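Each chain, letter by letter, is given below.
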Amino acid sequence: MKLGVNIDHVATLRQVRGTCYPDPVQAALMVEQAGGDSITVHLREDRRHIQDHDLPRLKSAIKIPINLEMALTEEMLAIAEQLKPQYVCLVPEKRQELTTEGGLNVLENIPAIQQANQRLKKVGIELALFIDPDFAQIEAAHRCGVPAIEIHTGAYAESENEAEQLKEYDRIKAAVSFALSKALIVNAGHGLHYENVQKIVQIPGLDTLNIGHSIIAQAVLDGLENAVRKMKSLLS
(Lines give C-alpha, C1' and ligand atoms only; values in the text may rest on other atoms or scores of the structure.)
Protein backbone atom coordinates (compact mmCIF):
# COMPACT_ATOMS: atom_id res chain seq x y z
CA MET A 1 0.00 0.00 0.00
CA LYS A 2 1.40 3.36 -1.03
CA LEU A 3 1.47 6.60 0.99
CA GLY A 4 0.59 9.92 -0.59
CA VAL A 5 1.46 12.86 1.65
CA ASN A 6 -0.62 16.03 1.48
CA ILE A 7 1.61 19.06 2.11
CA ASP A 8 -1.14 21.72 2.03
CA HIS A 9 -0.68 22.65 5.67
CA VAL A 10 2.99 23.43 5.22
CA ALA A 11 1.72 26.14 2.88
CA THR A 12 -1.01 27.06 5.39
CA LEU A 13 1.66 27.92 7.94
CA ARG A 14 3.45 30.05 5.35
CA GLN A 15 0.32 31.90 4.26
CA VAL A 16 -0.72 32.75 7.84
CA ARG A 17 2.17 35.23 8.01
CA GLY A 18 2.63 35.90 4.29
CA THR A 19 6.25 34.79 4.42
CA CYS A 20 8.31 32.69 2.01
CA TYR A 21 8.73 29.93 4.61
CA PRO A 22 8.11 27.13 5.31
CA ASP A 23 8.47 26.12 1.69
CA PRO A 24 6.11 23.29 0.63
CA VAL A 25 8.54 22.29 -2.12
CA GLN A 26 11.26 21.70 0.47
CA ALA A 27 8.72 19.68 2.45
CA ALA A 28 7.93 17.60 -0.64
CA LEU A 29 11.61 16.81 -1.09
CA MET A 30 11.81 15.67 2.53
CA VAL A 31 8.73 13.46 2.03
CA GLU A 32 10.38 11.93 -1.02
CA GLN A 33 13.60 11.33 0.94
CA ALA A 34 11.62 9.65 3.73
CA GLY A 35 9.96 7.18 1.36
CA GLY A 36 6.67 8.88 0.53
CA ASP A 37 5.20 7.54 -2.71
CA SER A 38 3.46 10.67 -3.97
CA ILE A 39 2.72 14.29 -3.06
CA THR A 40 -0.83 15.62 -2.83
CA VAL A 41 -1.61 19.34 -3.09
CA HIS A 42 -5.03 20.98 -3.23
CA LEU A 43 -5.09 24.17 -5.28
CA ARG A 44 -8.19 25.75 -3.79
CA GLU A 45 -10.13 28.43 -5.58
CA ASP A 46 -9.50 30.84 -2.68
CA ARG A 47 -5.77 29.95 -2.65
CA ARG A 48 -5.78 29.57 1.13
CA HIS A 49 -2.63 27.45 1.18
CA ILE A 50 -1.02 26.14 -2.02
CA GLN A 51 -0.32 28.94 -4.51
CA ASP A 52 -0.06 28.79 -8.31
CA HIS A 53 3.68 29.44 -8.22
CA ASP A 54 4.20 26.38 -6.01
CA LEU A 55 3.06 23.97 -8.71
CA PRO A 56 5.76 24.32 -11.42
CA ARG A 57 8.46 24.42 -8.73
CA LEU A 58 7.07 21.24 -7.24
CA LYS A 59 6.85 19.53 -10.63
CA SER A 60 10.50 20.26 -11.42
CA ALA A 61 11.84 19.45 -7.94
CA ILE A 62 10.51 15.96 -7.15
CA LYS A 63 10.67 12.61 -8.88
CA ILE A 64 7.64 10.99 -7.20
CA PRO A 65 4.16 11.64 -8.67
CA ILE A 66 2.06 14.72 -7.95
CA ASN A 67 -1.62 14.27 -7.13
CA LEU A 68 -3.38 17.59 -7.78
CA GLU A 69 -6.68 17.95 -5.92
CA MET A 70 -8.99 20.53 -7.45
CA ALA A 71 -12.56 21.58 -8.07
CA LEU A 72 -14.33 20.80 -11.33
CA THR A 73 -13.95 24.25 -12.90
CA GLU A 74 -12.62 25.53 -16.20
CA GLU A 75 -9.86 27.46 -14.42
CA MET A 76 -8.59 24.36 -12.64
CA LEU A 77 -8.82 22.13 -15.70
CA ALA A 78 -6.71 24.64 -17.65
CA ILE A 79 -4.11 24.71 -14.87
CA ALA A 80 -3.96 20.90 -14.81
CA GLU A 81 -3.58 20.73 -18.59
CA GLN A 82 -0.63 23.12 -18.38
CA LEU A 83 1.04 21.52 -15.34
CA LYS A 84 0.45 17.90 -16.40
CA PRO A 85 0.70 16.23 -12.98
CA GLN A 86 0.56 12.46 -13.01
CA TYR A 87 -2.76 12.47 -11.15
CA VAL A 88 -5.73 14.78 -10.67
CA CYS A 89 -8.41 14.16 -8.06
CA LEU A 90 -11.66 16.08 -8.39
CA VAL A 91 -13.08 17.17 -5.04
CA PRO A 92 -16.11 19.23 -3.98
CA GLU A 93 -15.21 22.64 -2.64
CA LYS A 94 -16.99 25.23 -0.51
CA ARG A 95 -15.37 28.53 0.45
CA GLN A 96 -16.56 28.48 4.08
CA GLU A 97 -15.43 24.95 4.93
CA LEU A 98 -12.30 24.33 7.00
CA THR A 99 -11.54 21.20 5.01
CA THR A 100 -13.35 19.07 2.43
CA GLU A 101 -16.59 17.99 4.08
CA GLY A 102 -17.78 15.17 1.85
CA GLY A 103 -17.45 13.37 -1.41
CA LEU A 104 -18.15 14.65 -4.90
CA ASN A 105 -21.70 14.15 -6.16
CA VAL A 106 -20.83 12.23 -9.29
CA LEU A 107 -24.45 11.40 -10.13
CA GLU A 108 -25.25 15.07 -10.66
CA ASN A 109 -22.12 15.81 -12.70
CA ILE A 110 -21.65 12.87 -15.08
CA PRO A 111 -21.44 14.85 -18.38
CA ALA A 112 -19.02 17.41 -16.92
CA ILE A 113 -16.84 14.70 -15.39
CA GLN A 114 -16.80 12.70 -18.62
CA GLN A 115 -15.63 15.80 -20.51
CA ALA A 116 -12.98 16.57 -17.88
CA ASN A 117 -11.74 12.98 -18.03
CA GLN A 118 -11.35 13.15 -21.79
CA ARG A 119 -9.48 16.47 -21.60
CA LEU A 120 -7.08 15.27 -18.93
CA LYS A 121 -6.58 11.89 -20.55
CA LYS A 122 -5.38 13.63 -23.73
CA VAL A 123 -2.46 15.15 -21.83
CA GLY A 124 -1.61 11.95 -19.97
CA ILE A 125 -3.28 12.67 -16.62
CA GLU A 126 -4.99 9.91 -14.64
CA LEU A 127 -8.23 11.23 -13.12
CA ALA A 128 -9.69 10.14 -9.79
CA LEU A 129 -12.91 11.21 -8.06
CA PHE A 130 -13.08 11.84 -4.32
CA ILE A 131 -16.35 10.19 -3.31
CA ASP A 132 -18.18 8.82 -0.29
CA PRO A 133 -18.26 5.03 0.24
CA ASP A 134 -21.56 4.80 -1.63
CA PHE A 135 -22.36 2.19 -4.28
CA ALA A 136 -24.41 4.58 -6.42
CA GLN A 137 -21.57 7.13 -6.55
CA ILE A 138 -19.06 4.40 -7.36
CA GLU A 139 -21.28 3.11 -10.15
CA ALA A 140 -21.56 6.67 -11.50
CA ALA A 141 -17.78 7.04 -11.39
CA HIS A 142 -17.48 3.84 -13.40
CA ARG A 143 -19.95 5.25 -15.96
CA CYS A 144 -17.77 8.35 -16.28
CA GLY A 145 -14.88 6.19 -17.45
CA VAL A 146 -12.39 7.43 -14.86
CA PRO A 147 -9.62 5.00 -13.92
CA ALA A 148 -9.60 5.68 -10.18
CA ILE A 149 -11.54 6.84 -7.15
CA GLU A 150 -10.56 7.99 -3.67
CA ILE A 151 -12.88 6.87 -0.89
CA HIS A 152 -13.70 9.62 1.60
CA THR A 153 -12.84 8.26 5.06
CA GLY A 154 -14.03 11.32 7.00
CA ALA A 155 -17.10 9.70 8.60
CA TYR A 156 -14.93 6.83 9.82
CA ALA A 157 -12.28 9.19 11.18
CA GLU A 158 -14.83 11.38 12.96
CA SER A 159 -16.82 8.53 14.54
CA GLU A 160 -17.75 9.28 18.16
CA ASN A 161 -17.68 5.71 19.44
CA GLU A 162 -16.41 2.26 18.54
CA ALA A 163 -19.73 0.98 17.20
CA GLU A 164 -20.10 3.94 14.88
CA GLN A 165 -16.52 3.58 13.69
CA LEU A 166 -17.04 -0.13 12.97
CA LYS A 167 -20.17 0.68 10.94
CA GLU A 168 -18.26 3.23 8.85
CA TYR A 169 -15.34 0.85 8.48
CA ASP A 170 -17.65 -1.82 7.08
CA ARG A 171 -19.08 0.74 4.62
CA ILE A 172 -15.61 1.59 3.40
CA LYS A 173 -14.60 -2.06 3.11
CA ALA A 174 -17.73 -2.91 1.10
CA ALA A 175 -17.25 0.15 -1.11
CA VAL A 176 -13.65 -0.79 -1.87
CA SER A 177 -14.70 -4.31 -2.81
CA PHE A 178 -17.47 -3.01 -5.07
CA ALA A 179 -15.15 -0.52 -6.77
CA LEU A 180 -12.56 -3.23 -7.38
CA SER A 181 -15.26 -5.32 -9.04
CA LYS A 182 -15.66 -2.42 -11.47
CA ALA A 183 -11.91 -2.53 -12.23
CA LEU A 184 -11.32 0.84 -10.58
CA ILE A 185 -8.09 1.77 -8.81
CA VAL A 186 -9.12 2.55 -5.24
CA ASN A 187 -7.39 5.05 -2.97
CA ALA A 188 -8.64 6.42 0.35
CA GLY A 189 -8.11 9.39 2.61
CA HIS A 190 -9.37 12.18 4.84
CA GLY A 191 -9.01 12.43 8.60
CA LEU A 192 -6.67 9.46 8.87
CA HIS A 193 -4.05 9.58 11.61
CA TYR A 194 -1.58 7.32 13.39
CA GLU A 195 -4.23 5.62 15.54
CA ASN A 196 -7.14 5.08 13.13
CA VAL A 197 -5.17 4.20 9.99
CA GLN A 198 -4.31 0.70 11.16
CA LYS A 199 -7.79 -0.72 10.49
CA ILE A 200 -7.94 0.94 7.05
CA VAL A 201 -4.61 -0.66 6.13
CA GLN A 202 -6.24 -4.07 6.61
CA ILE A 203 -8.74 -3.50 3.77
CA PRO A 204 -7.67 -5.59 0.75
CA GLY A 205 -7.16 -3.88 -2.57
CA LEU A 206 -6.46 -0.31 -1.52
CA ASP A 207 -3.74 1.21 -3.66
CA THR A 208 -2.81 4.48 -1.90
CA LEU A 209 -3.71 6.28 1.31
CA ASN A 210 -3.50 10.06 1.02
CA ILE A 211 -2.77 11.57 4.42
CA GLY A 212 -1.81 15.13 5.29
CA HIS A 213 -2.85 16.97 8.44
CA SER A 214 -1.83 14.30 10.95
CA ILE A 215 1.60 13.85 9.35
CA ILE A 216 2.31 17.59 9.25
CA ALA A 217 1.09 17.93 12.84
CA GLN A 218 3.38 15.07 13.93
CA ALA A 219 6.23 16.70 12.04
CA VAL A 220 6.03 19.72 14.35
CA LEU A 221 7.09 17.38 17.17
CA ASP A 222 9.22 14.75 15.44
CA GLY A 223 10.41 16.31 12.19
CA LEU A 224 8.86 15.66 8.79
CA GLU A 225 11.01 12.74 7.68
CA ASN A 226 10.44 10.91 10.96
CA ALA A 227 6.70 11.56 10.73
CA VAL A 228 6.54 10.15 7.19
CA ARG A 229 8.61 7.11 8.12
CA LYS A 230 6.36 6.44 11.10
CA MET A 231 3.25 6.46 8.91
CA LYS A 232 4.94 4.34 6.24
CA SER A 233 5.76 1.71 8.87
CA LEU A 234 2.08 1.50 9.80
CA LEU A 235 1.12 0.94 6.18
CA SER A 236 3.52 -1.97 6.03
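Residues numbered from 1 in each chain as written. Predicted model: local features only at pLDDT ≥ 70, side-chain atom pairs only at ≥ 80, totals over all residues. Heavy atoms only, no water.

## A closer look at the pairing of strand S4 (residues 87-90)
Line of reasoning, step 1. Pairing of strand S3 (residues 66-70) with S4 involves four bridges; the strand directions are parallel. Considered in S4, the bridge of Met70 is made with Leu90.
Line of reasoning, step 2. In this view, the connection linking S3 to its parallel neighbour S4 by way of helix H4 (residues 74-83) has right-handed handedness.
Line of reasoning, step 3. In terms of strand pairing, S4 meets strand S5 (residues 126-131) through four bridges, oriented parallel. Directly across from Val88, in S5, lies its bridge partner Leu127. (Pairing = 2+ DSSP bridges. Helix = DSSP H or I, 4+ residues; strand = E, 2+ residues; numbered from the N terminus. Right-handed = clockwise from strand over helix to strand, strands pointing away.)

## Description of unusual backbone geometry
In most cases, non-glycine residues show a negative phi, while peptide bonds are predominantly trans.
Line of reasoning, step 1. The residue after Tyr21, namely Pro22, is reached through a cis peptide bond having omega -10°.
Line of reasoning, step 2. Of note, Arg47 is a non-glycine position whose phi angle comes to about 55°, a positive value.
Line of reasoning, step 3. Position of Arg47 among the secondary structure elements: in the loop between strand S2 (38-42) and helix H3 (54-61).
Line of reasoning, step 4. For Arg47, a relative accessible area of 16% puts it in the buried group. (Buried < 20%, exposed > 50% of the residue type's maximum accessible area, 1.4 Å probe, protein only.)

## Comments concerning the sheet that holds strand S7 (residues 185-189)
Line of reasoning, step 1. Spatially, eight strands are ordered S1-S2-S3-S4-S5-S6-S7-S8 in a closed barrel, and the strand pairing comes out parallel. Neighbour-to-neighbour, the strand axes of the sheet open up by a mean angle of 25°, direction not taken into account.
Line of reasoning, step 2. In this structure, S5 lies alongside strand S6 (residues 148-152), joined through four bridges in parallel fashion. When the sheet's bridge partners are listed, Ile131 is paired in S6 with Ile151. (Axes fitted to C-alpha atoms, helices over the stretch in contact; angles between N-to-C directions.)

## A word on the side chain of His42
Line of reasoning, step 1. Considering the arrangement of structural elements, one finds His42 in strand S2.
Line of reasoning, step 2. Side-chain polar atoms of His42 contact the side chain of Glu93, separated by 2.9 Å. (Polar contact = N/O pair within 3.5 Å; in protein donor to acceptor, adjacent residues only side chain to side chain.)

## Comments concerning H4
Line of reasoning, step 1. Within H4, the full set of buried residues consists of Met76, Leu77, Ile79, Ala80 and Leu83. Viewed along the axis of H4, the buried residues span an arc of 160°, placing them on a single side of the element. Away from its buried face, by an angle of more than 90 degrees, H4 presents the exposed residues Glu74 and Gln82.
Line of reasoning, step 2. Summarising the contacts, the buried residues of H4 are in contact with H3, S3, S4 and helix H5 (110-122).
Line of reasoning, step 3. One or two residues past the end of H4 sits Lys84, with phi positive at roughly 55°. (Arc of directions from axis to C-beta. Contact = heavy atoms within 4.5 Å.)

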